Amino acid sequence: MTGRAAVVPEANVVHLEDIEIPGPVGPNEVLVQTECTFISAGTELANFTGLDPGVNVPGSWNHFPARPGYANCGRVIELGSDVESLTVGDRVFTQRKHVSHHLVPVDDPNTIVVPVPEDVPSDLAAAVRMGMVAITAPQVADNHVNDWVVVFGLGLVGNLAAQLFQLDGARVIGVDPVLARRQLAHRVGIQRVIGEDMSTIVDQLRDLTGGGAQTVVEAVGHAGVAQTAIHAAAPYGELILLGSPRAPVTADLNDFLQPVHKSWVTIKGALEHRVPVNPARGHPLSIAGNARTILNLVAYGRLRLAELISHRLPASRIAAAYDGLLNQPNEYWGVALDWR
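Predicted model only: the values in this text are computed from it and were never measured. (Residues numbered from 1 in each chain as written. Predicted model: local features only at pLDDT ≥ 70, side-chain atom pairs only at ≥ 80, totals over all residues. Heavy atoms only, no water.)

Draft legend 1. Quick look at the packing of helix α2 (residues 122-134) against helix α9 (residues 287-299). Running from amino to carboxyl end, α2 crosses α9 at an angle of 120 degrees, the nearest separation of the two axes being 9 Å. With respect to α9, the element α2 is oriented oblique. Regarding α2 and α9, the two cross each other, and that crossing is right-handed. Between α2 and α9, the residues in contact are L124, A125, V128, G131 and M132 and I287, N290, A291, I294, L295 and V298, respectively. Taken together, the residues that form the contact of α2 with α9 break down as 9 nonpolar, 2 polar and no charged. (Axes fitted to C-alpha atoms, helices over the stretch in contact; angles between N-to-C directions. Helix = DSSP H or I, 4+ residues; strand = E, 2+ residues; numbered from the N terminus. Parallel < 35°, antiparallel > 145°, perpendicular 65-115°, else oblique. Left-handed = near helix turned anticlockwise from the far one by under 90°. Contact = heavy atoms within 4.5 Å. Nonpolar A, V, L, I, M, F, W, Y, C, P; charged D, E, K, R; others polar.)

Draft legend 2. Representation of α9. With 13 residues, α9 should reach 18 Å at 1.5 Å per residue; the first-to-last C-alpha distance of 18 Å fits that figure. Residues of α9 that are buried make contact with β5 (91-94), β7 (114-115), α2, α3 (136-140) and α4 (156-167). (Expected span 1.5 Å × (residues − 1).)

Draft legend 3. Quick peek at the sheet that holds strand β10 (residues 192-194). The strand order across the open sheet built from 6 strands is β10-β9-β8-β11-β12-β13, with neighbouring strands paired in parallel fashion. Of all strands in the sheet, those with a lone pairing partner are β10 and β13 (266-269), marking the two edges. The sheet shows a mean angle of 20 degrees between the axes of neighbouring strands, direction not considered. Where strand β8 (residues 148-152) and strand β11 (residues 213-218) come together, 4 bridges link them in parallel fashion. Residue V149 lies in a different strand from β11, and its bridge partner there is T215. (Pairing = 2+ DSSP bridges.)

Draft legend 4. Structural view of the pattern of salt bridges. Taken as a whole and judged by the stated rule, the model has 13 salt bridges. The salt bridge involving R75 is made with E35; its shortest N-O contact spans 3.1 Å. With a gap of 40 residues between them, R75 in strand β4 (residues 72-79) and E35 in strand β3 (residues 29-38) connect regions that are remote in the sequence. With a relative accessible area of 27%, R75 lands in the partly exposed category. With its nearest N and O atoms 2.7 Å apart, the salt bridge here joins R304 to E307. Judged by relative accessible area, R304 falls into the partly exposed class, the value being 32%. Here the salt bridges share partners, and the residues they tie into one network are E35, R75, R91, E118, D338 and R340. (Salt bridge = Lys/Arg side-chain N within 4 Å of Asp/Glu carboxyl O. Buried < 20%, exposed > 50% of the residue type's maximum accessible area, 1.4 Å probe, protein only.)

Draft legend 5. Broad picture of the packing of α2 against α4. Axis separation between α2 and α4 bottoms out at 8 Å; the angle between their running directions is 65 degrees. Compared by their axis directions, α2 and α4 come out roughly perpendicular. In this structure, α2 meets α4 at a crossing whose hand is right-handed. In this structure, α2 uses M130, G131, V133 and A134 to contact α4, whose residues at the interface are L156, V157, L160, A161 and L164.

Draft legend 6. How the structure looks around the packing of aromatic side chains. One pass over the full model with this rule turns up 2 aromatic pairs. A ring pair is formed by F48 and Y322, whose centres lie 4.7 Å apart and whose planes are at 65 degrees; its orientation type is edge-to-face. Separated by 274 residues along the polypeptide, F48 in helix α1 (residues 43-48) and Y322 in helix α10 (residues 318-327) bring together distant segments of the chain. Accessibility classification places F48 together with Y322 in one group, the buried group. Taking the centre distance of 5.9 Å and the plane angle of 85 degrees together, the rings of Y236 and W264 count as edge-to-face. Taken as a pair, Y236 in strand β12 (residues 233-241) and W264 in the loop between α8 (253-263) and β13 lie far apart in primary sequence, 28 residues in all. Residue Y236 shares its accessibility class with W264, and that shared class is exposed. (Phe/Tyr/Trp six-rings, centres within 6.5 Å; stacked < 30°, edge-to-face > 60°.)

Draft legend 7. Inspection of the pairing of β5 at higher detail. Because side chains alternate across β5, one face comprises the buried residues R91 and F93, and the other comprises V92 and T94, equally buried. By the bridge criterion, 4 bridges tie β4 to β5 in an arrangement that is antiparallel. Considered in β5, the bridge of G74 is made with V92. Bridge count for β5 against β7 is 2 bridges, and the pairing is antiparallel. Bridge pairing links V92 to P115 in β7.

Here's what the structure looks like:
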């Protein structure tokens, strides 16, 4: 019996290929039939275009030919004899790839299998993965209720980070030069959004915040944006690097480091993979716990995720999805793939 899986054999090429459906199911495994997956426009496109250098390093996790994807919602269709936490028919979120079927070891400490509430559609459940990326910014931040928070970059991760900071009681300003992203941020409730004139953005932010924000988030993944963003932080404030810097940048490090030295601005990383996959002794957070949190916020309507999906396409159109995200960002900002 065959299934399907996405493959990126080389830069700027993606297609589906036939695979053997894995099996037999082991005692502590479940076989999941995918309903929807979600494309990460940041990481996946960086790999797809060859921007991430790892694609050319043999043995790296994203080396060509690569199997893309890490946001999957599916239904359990077979159950191992020792599995007690799930039943056949349950929907689950996993970090599996763009693939029609996959085996999941439920006892693996490096794997998450999170039940999905029936009132959360499968496309939203897959898109929860973007919220799991975003939530680490407020988790590492040192801000309080009513503090100013500035988020540079209103793609899906930045948009969700801005929403999460607002849920924590912060006064949030979103920054993005792209009109469509600013409009989308307004639609999901980000009240203050600017970016029409990026040449004076630091002065604008200092005026709006009365001297700078306690927390500034760089959600683009670009060192040049971080160099600008740090100047929007207040004395004793912080710059959080939520995006993964990839593109090479030539810049004046003195300009970047002066706020650190003169104003005691702290720079923090917020890469989600520093969080344990499952609950671990001595650490209050886990990726599995973050998945449950985002799912609950979506289920209760507190986190606006549906509007962040611009396209729902059959999995067979994955090439068109990648092309749209890459070349038509004003129209394609979030794509869910339906495998049913």
